[in-house]
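Listed below are the residues making up each chain.
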There are 2 protein chains.
Amino acid sequence: MQTVIQRRDDEIRERRFYAGRAPIGVEHYFDRTSALPTSLMRYHLEPGAEEGAHFHLEGHSGSCTPESSDELYLVVEGEVVMTADGDRTVLKRGDAAYVPAGVVHSVLNESDRPAELVLVFGPPQGSEERQR
Amino acid sequence: MQTVIQRRDDEIRERRFYAGRAPIGVEHYFDRTSALPTSLMRYHLEPGAEEGAHFHLEGHSGSCTPESSDELYLVVEGEVVMTADGDRTVLKRGDAAYVPAGVVHSVLNESDRPAELVLVFGPPQGSEERQR
């Protein structure tokens, strides 16, 4: 296998997530080439953009995906408000949140300038044991 | 499990990697709490800082880790020069490189301002099949 380069916005898409008030620019990195067991995305949120409340838990009817997924959010530009389990937290550049599968969460750019996030997510290891 | 918040520089360390010319500020996110099968780090490279040439391949004497690891580098601030398999590539904000296990690579901040990278890495899936 060779090293693969992806340039900013090569794979950008605009998506509206879970009834969010404004769309988010989403870039998935190495979607077709990665052999890593997690996915990596970059979110670009203009002021007002939101990833609405959702969760990822296998076997639950309200889950937005069939499989369970832990999600890690890292702010790389600007700031956002993360709401998880009803708690609001302002996350600034370099701050991160680890959201376990099943936790209802949302992200909103309440500021007046663009924000960017890096998301890493996938099925947690040992998740069956964890939930017992 | 509850949502966990990590603030910028809560876990920052300064490290010199693989004979690099200057140290790198390294923050490992959720090292003790993550159940994801990959690791996430943020690198802060002042001008001149370098992650020297190295590779990760199980069973090879020159490998810098005992296990194989694919590594994904995403630039989130400034720019760096990635050298992989002898090829130099300038990576700017939003650009990324996917470096498969076994590929010799290095990263250098040749610019006159700080650069930041996000790294996601771990054992590739299906790596035995891949190397046949």
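**A word on the nonpolar core**
The biggest cluster of nonpolar side chains holds 24 residues, and the ones touching the most others in it are A:Val118 and B:Val118. Elements with a contribution of two residues or more to this core: strand 6 (70-77), strand 9 (96-99) and strand 11 (115-122) of chain A together with strand 6 (70-77), strand 9 (96-99) and strand 11 (115-122) of chain B. If sequence neighbours within four positions are ignored, B:Val118 has contacts with A:Leu74, A:Val76, A:Val118, B:Leu40, B:Met41, B:Leu72, B:Tyr73, B:Leu74 and B:Val76.

**Quick word on the sheet that holds strand 9 of chain B**
As summarised here, the arrangement of the seven strands in space is 1(A)-9(B)-6(B)-11(B)-4(B)-3(B)-2(B), forming an open sheet in which the pairing is antiparallel. A strand with exactly one partner marks an edge of an open sheet, and here the two such strands are strand 1 (4-6) of chain A together with strand 2 (12-15) of chain B. The sheet shows a mean angle of 25 degrees between the axes of neighbouring strands, direction not considered. Here strand 6 of chain B runs beside strand 11 of chain B; their pairing, made up of seven bridges, is antiparallel. By the bridge assignment for strand 11 of chain B, B:Leu74 is matched with B:Val118.

**Re the sheet that holds strand 8 (residues 87-92) of chain A**
The pairing of strands in a sheet comes from backbone hydrogen bonds and takes either a parallel or an antiparallel form. All names here are of chain A. Taken together, four strands build an open sheet; the order of strands is 5-10-7-8 and the sheet is antiparallel. Strands at the two margins of the open sheet, each flanked by one partner only, are strand 5 (50-54) and strand 8. Direction aside, neighbouring strands of the sheet carry axes that sit 20 degrees apart on average. Alignment of strand 7 (residues 79-84) against strand 10 (residues 105-108), held across four bridges, turns out to be antiparallel. Across the sheet, Ala84 pairs through a bridge with His105, a residue of strand 10.

**Notes on the interface of chain A and chain B**
Counting residues at the interface gives 46 residues for chain A, matched by 46 residues for chain B. With both chains or domains summed, chain A and chain B bury close to 4,000 Å², and 62% of this area falls on carbon and sulfur atoms. Of all residues in chain A, the largest losses of buried area upon contact with chain B belong to A:Leu36, A:Arg93 and A:Tyr98, amounting jointly to 17% of the total for that side. Of the charged contacts in the structure, one is a salt bridge between B:Arg93 and A:Glu77, with a shortest N-O distance of 2.4 Å. Linking chain A to chain B there are 22 residue pairs in polar contact (both at pLDDT 80 or more). Secondary structure elements with two or more residues in the side of chain A that touches chain B: strand 1, strand 4 (39-45), strand 6, strand 8, strand 9 and strand 11 of chain A. Grouping the constituent residues of the side of chain A that touches chain B by class yields 26 nonpolar, ten polar and ten charged. Relative to strand 1 (residues 4-6) of chain B, strand 9 of chain A is paired through three bridges, and the arrangement is antiparallel. By the bridge assignment for strand 1 of chain B, A:Tyr98 is matched with B:Val4.

Reading guide: rules and limits
- Residues numbered from 1 in each chain as written.
- Chains lettered and ligands numbered in written order.
- Predicted model: local features only at pLDDT ≥ 70, side-chain atom pairs only at ≥ 80, totals over all residues.
- Heavy atoms only, no water.
- Core = buried A, V, L, I, M, F, W, Y, C linked by side-chain atoms within 4.5 Å.
- Buried < 20%, exposed > 50% of the residue type's maximum accessible area, 1.4 Å probe, protein only.
- Helix = DSSP H or I, 4+ residues; strand = E, 2+ residues; numbered from the N terminus.
- Contact = heavy atoms within 4.5 Å.
- Pairing = 2+ DSSP bridges.
- Axes fitted to C-alpha atoms, helices over the stretch in contact; angles between N-to-C directions.
- Buried area = accessible area lost by both parts, 1.4 Å probe.
- Salt bridge = Lys/Arg side-chain N within 4 Å of Asp/Glu carboxyl O.
- Polar contact = N/O pair within 3.5 Å; in protein donor to acceptor, adjacent residues only side chain to side chain.
- Nonpolar A, V, L, I, M, F, W, Y, C, P; charged D, E, K, R; others polar.

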